[in-house]
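What follows is the residue order along each chain.
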Amino acid sequence: MLLDAVFVLLILTNLILLGSSLLSASIRIVAVQGAVLGVLPFLAMAPDRLGRVLFLAVLTVALKGGVFPWLLNRALREVHVRREVAPLVGYSVSLALGIGLLALAFWLGGRIRDIGLGVSVLSLSTALFMMFTGLFLVISRQKALSQVLGFLVLENGIYAFGLLVVVNIHWLIELGVLLDVFVAVFIMGVAIDQISRAFDHMDVDQMNHLKG
Amino acid sequence: MNVVACVQTVLVLLLAPLLPGVINRTKAFFAGRQGPPVLQLYFDLWKLAQKGAVYSRTTTWVFRAGPIVGLAAVLVALFLTPFGKSAAPLAFGGDLILFAYLLGLMRFMTVMAALDTGSSFEGMGASREAFFSMLAEPAFLIGLVAVARVTGSLSLSGMLANVSAETWLRVGPALVLIAAAWMVILLAENSRIPVDDPNTHLELTMIHEVMVLDHGGPDFAAILYGAALKLWVMGALLVSLLIPVHPGVLWKNGLMFLGGMFLLAVGIGVVESIMARLRLARVPQLLMGAMALAALAMMLVLK
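Let me sum up the structure you'll find in this document. (Residues numbered from 1 in each chain as written. Chains lettered and ligands numbered in written order. Predicted model: local features only at pLDDT ≥ 70, side-chain atom pairs only at ≥ 80, totals over all residues. Heavy atoms only, no water.)

1. Side note on unusual backbone geometry
Residues and elements named next belong to chain B.
Part 1: One non-glycine residue, Ser-191, lies in the positive phi region at around 45°.
Part 2: Considering the arrangement of structural elements, one finds Ser-191 in the loop between helix H8 (165–189) and helix H9 (208–211).
Part 3: Taking relative accessible area as the criterion, Ser-191 reaches 12% and is therefore assigned buried. (Helix = DSSP H or I, 4+ residues; strand = E, 2+ residues; numbered from the N terminus. Buried < 20%, exposed > 50% of the residue type's maximum accessible area, 1.4 Å probe, protein only.)

So, in structure tokens, the structure goes:
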């Protein structure tokens, strides 16, 4: 029941993200999503490895809920762009497509459950829906910063999927993934800064003449 | 049809105009004003019923039929609406479909009457109403179907009476989502604030108000009374869904239900006081959000 509520909360953050128009609000929602995801191991894992779980959870919450939003907000402040996400399709259409993706995720979740992994449909569907939302955001938003957010949501989805399906991931691997994501966000923040210095905008549609 | 249910429905017929009064008093309280009396709508209805009606020569029978058919439709819908956990007088299996389309018929007649005046102004309101309700109706129906699936009953009275503490423990998140979706639809369908402002007479903001501008006298009284009843029937579904226990005793059920309706009216007043009306372009997004919530609830109960 509590676990169900957490998964529903994660799905709702995705839906809000699809409908929200402000970059700063989107950053905040992705931060909330990351933090909720960090707490998930407590509810999903066996209690005998409490120390390790605690360490990873604190690290995840600190990185995804604190450091990433800080880095992204700093990038947003420095590039002086308009604060809207500039979608290729409207927000209502995004939400409608989101409902479609949600249905697809639940259908796929049911199919994967049937393989016999011993996890609930809702958790699998949530992870899948997070991946779909992330991909959709990367495709349908024009600003480079939204694409970083889409990438983060995609990564959140993969993290959740891994957490559910492979119960015993070695903690070194999890640490490695976290470090990779951290470096990615860091580099993307710097890249956005450089792009905006060179072009006065971060609209990826207008960057066609970058190719040699 | 049992006697108790009929008495309860007559009680609702008398009490329904209180809801807008409570909402207005709540808003007045937030604004630091005295506000109109709680019984204001009764006075208005009495005053309007005394007056004669004026009909433009452009209009046809459609214009005159609009308010009457609308009121009749919502009255029938009221006879399908449970009183808290106790059954409605006309409850039967599958009445949820009839309920949704009775409200649809009411809306259709209001829209037709508005178009019949030949005023471009009213046509604009009619167009908005048709568009927004097109988005609101699926969300409402998906929510109904989800509750029907959870409780295993196809009549409004049966399924809402079956919502118990056990149901809430089993599918709590889904029920919360449905309640949130229904609240948004309730506000949208009854032209309350995030969607429409019941106080304005500006063409840029109005949806529902603009469609009834040409009605006067008894016709307008029918429209106002119908609107109060519509607010009541939609609110009654929401309140019955949220009450998690089935009080066996009659007076306990009545007390809880009427208390719930009072709290709902206060809640609507609070929403109206602390929120601004949304830009018209944002309204479809809000309704699409309600549809997403209802769809998610549906998938949660289907899985």
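2. Observations regarding a nonpolar patch on the surface
Residue and element names in this part refer to chain A.
Part 1: Side chains of Leu-2, Val-39, Phe-42, Leu-43, Leu-50, Leu-54, Val-58 and Val-61 sit close together on the surface and give an oily, nonpolar patch of about 680 Å² of accessible area.
Part 2: Considering each element in turn, the nonpolar patch owes the most residues, 4 residues, to helix H3 (residues 50–79).
Part 3: Relative to the elements of secondary structure, Leu-50 occurs in helix H3.
Part 4: With a relative accessible area of 49%, Leu-50 lands in the partly exposed category. (Patch = residues over 30% accessible without salt bridge, like charges linked within 9 Å, V, L, I, M, F, W, Y side chains within 5 Å. Areas by Shrake-Rupley, 256 points an atom, 1.4 Å probe, with all protein chains shown as cover. Salt bridge = Lys/Arg side-chain N within 4 Å of Asp/Glu carboxyl O.)

3. Details of empty space enclosed by the protein
Residue and element names in this part refer to chain B.
Part 1: A full pass over the atoms with the stated rule returns 7 cavities of 30 Å³ or more.
Part 2: By volume, the largest cavity amounts to about 90 Å³.
Part 3: The wall of the largest cavity is formed by Arg-107, Glu-129, Phe-132, Ser-133, Ala-136, Ala-188, Glu-189, Ser-191, Val-195, Ile-207, His-208 and Lys-230.
Part 4: Secondary structure elements with two or more residues in the lining of the largest cavity: helix H6 (120–151) and H8.
Part 5: Take the lining of the largest cavity: its biggest share by element is 4 residues, from H6.
Part 6: Classifying every residue of the lining of the largest cavity by side-chain character gives 5 nonpolar, 3 polar and 4 charged. (1 Å grid on protein atoms, 1.4 Å probe; cavity = no way out; pocket = protein on both sides within 12 Å on 5 of 7 lines; lining within 4 Å. Points joined across faces, edges and corners; volume = space filled by probe spheres on them. Nonpolar A, V, L, I, M, F, W, Y, C, P; charged D, E, K, R; others polar.)

4. Notes on the layout of surface pockets
All names here are of chain B.
Part 1: In this structure, the largest pocket occupies an estimated 850 Å³ of space.
Part 2: Surrounding the largest pocket, 37 residues form its lining, Arg-192, Pro-198, Glu-209, Leu-224 and Ala-227 being those nearest its centre.
Part 3: Secondary-structure elements contributing two or more residues to the lining of the largest pocket are helix H2 (18–31), helix H3 (40–50), helix H4 (61–80), helix H5 (95–116), H9 and helix H10 (217–242).
Part 4: Among the elements that line the lining of the largest pocket, the one with the most residues is H10, at 9 residues.
Part 5: Looking at side-chain class alone, the lining of the largest pocket contains 16 nonpolar, 12 polar and 9 charged residues.
Part 6: Of the pockets and cavities examined, the second largest pocket occupies roughly 560 Å³.

5. Things to note about the packing of H10 of chain B against helix H11 (residues 250–274) of chain B
Residue and element names in this part refer to chain B.
Part 1: Contact pair H10 / H11: the axes reach a minimum separation of 10 Å and the direction vectors enclose 110°. Judged by the angle between their axes, H10 and H11 are roughly perpendicular. Read as a crossing pair, H10 and H11 show a hand that is right-handed. Every residue of H11 that contacts H10 at Leu-231, Trp-232, Gly-235, Ala-236, Leu-238, Val-239 and Ser-240 is listed here: Phe-257, Leu-258, Gly-260, Met-261, Leu-264 and Ile-268.
Part 2: Along the lines of polarity and charge, the residues of the contact of H10 with H11 split into 10 nonpolar, 3 polar and no charged. (Axes fitted to C-alpha atoms, helices over the stretch in contact; angles between N-to-C directions. Parallel < 35°, antiparallel > 145°, perpendicular 65-115°, else oblique. Left-handed = near helix turned anticlockwise from the far one by under 90°. Contact = heavy atoms within 4.5 Å.)

6. Quick word on the packing of aromatic side chains
The description of an aromatic ring pair rests on the distance of the ring centres and on the angle between the ring planes.
Part 1: Considering all chains together, one arrives at 7 aromatic pairs over all chains under this definition.
Part 2: Consider the rings of Phe-99 of chain B and Phe-140 of chain B, whose centres lie 6.2 Å apart with planes at 40°: the pair is tilted. Of this pair, Phe-99 of chain B sits in helix H5 while Phe-140 of chain B is found in helix H6, placing the two residues 41 residues apart along the sequence.
Part 3: For Phe-99 of chain B, a relative accessible area of 0% corresponds to the buried category.
Part 4: When the ring centre of Trp-70 of chain A is taken as reference, the NZ or CZ atom of Arg-74 of chain A above it lies at 5.7 Å.
Part 5: Sitting above the plane of the Tyr-55 of chain B ring, Arg-64 of chain B keeps its charged end 3.8 Å from the centroid. (Phe/Tyr/Trp six-rings, centres within 6.5 Å; stacked < 30°, edge-to-face > 60°. Lys NZ or Arg CZ within 6 Å of the ring centre and 35° of its normal.)

7. Quick look at the interface of chain B and chain A
Part 1: At the interface, 18 residues of chain B touch 19 residues of chain A.
Part 2: At the boundary of chain B with chain A, total buried surface from both sides reaches about 1500 Å², with 82% on carbon and sulfur atoms.
Part 3: The tally of links between chain B and chain A comes to 0 salt bridges.
Part 4: Counting every contact that joins chain B to chain A gives 2 residue pairs in polar contact (both at pLDDT 80 or more).
Part 5: Those elements that place two or more of their residues in the side of chain B that touches chain A are H8 and helix H12 (283–302) of chain B.
Part 6: Sorting elements by how many residues they give to the side of chain B that touches chain A places H12 of chain B first, with 11 residues.
Part 7: When the residues that make up the side of chain B that touches chain A are grouped by side-chain class, the tally is 13 nonpolar, 3 polar and 2 charged. (Buried area = accessible area lost by both parts, 1.4 Å probe. Polar contact = N/O pair within 3.5 Å; in protein donor to acceptor, adjacent residues only side chain to side chain.)

8. Considering the nonpolar core
Residue and element names in this part refer to chain B.
Part 1: If you look at the biggest cluster of nonpolar residues, it comprises 143 residues, and the most contacted ones within it are Phe-99, Phe-140, Leu-144, Trp-182, Trp-232, Leu-241 and Leu-296.
Part 2: Of the residues forming this core, the biggest block, 15 residues, is contributed by H12.
Part 3: Here Phe-99 is in contact with Ala-77, Leu-80, Thr-81, Phe-140, Leu-156, Val-233 and Leu-237, once residues within four sequence places are set aside.
Part 4: Membership of the second largest hydrophobic core comes to 6 residues, among which are Val-111, Ala-114, Ala-126 and Val-210. (Core = buried A, V, L, I, M, F, W, Y, C linked by side-chain atoms within 4.5 Å.)

9. A look at the environment of Ala-191 of chain A
Residues and elements named next belong to chain A.
Part 1: The topology assignment puts Ala-191 in helix H7 (residues 171–199).
Part 2: Residue classification places Ala-191 among the partly exposed positions, given a relative accessible area of 33%.
Part 3: Residues Ala-191 and Ala-75, 116 residues apart in the sequence, show an inter-C-alpha distance of 9.3 Å.

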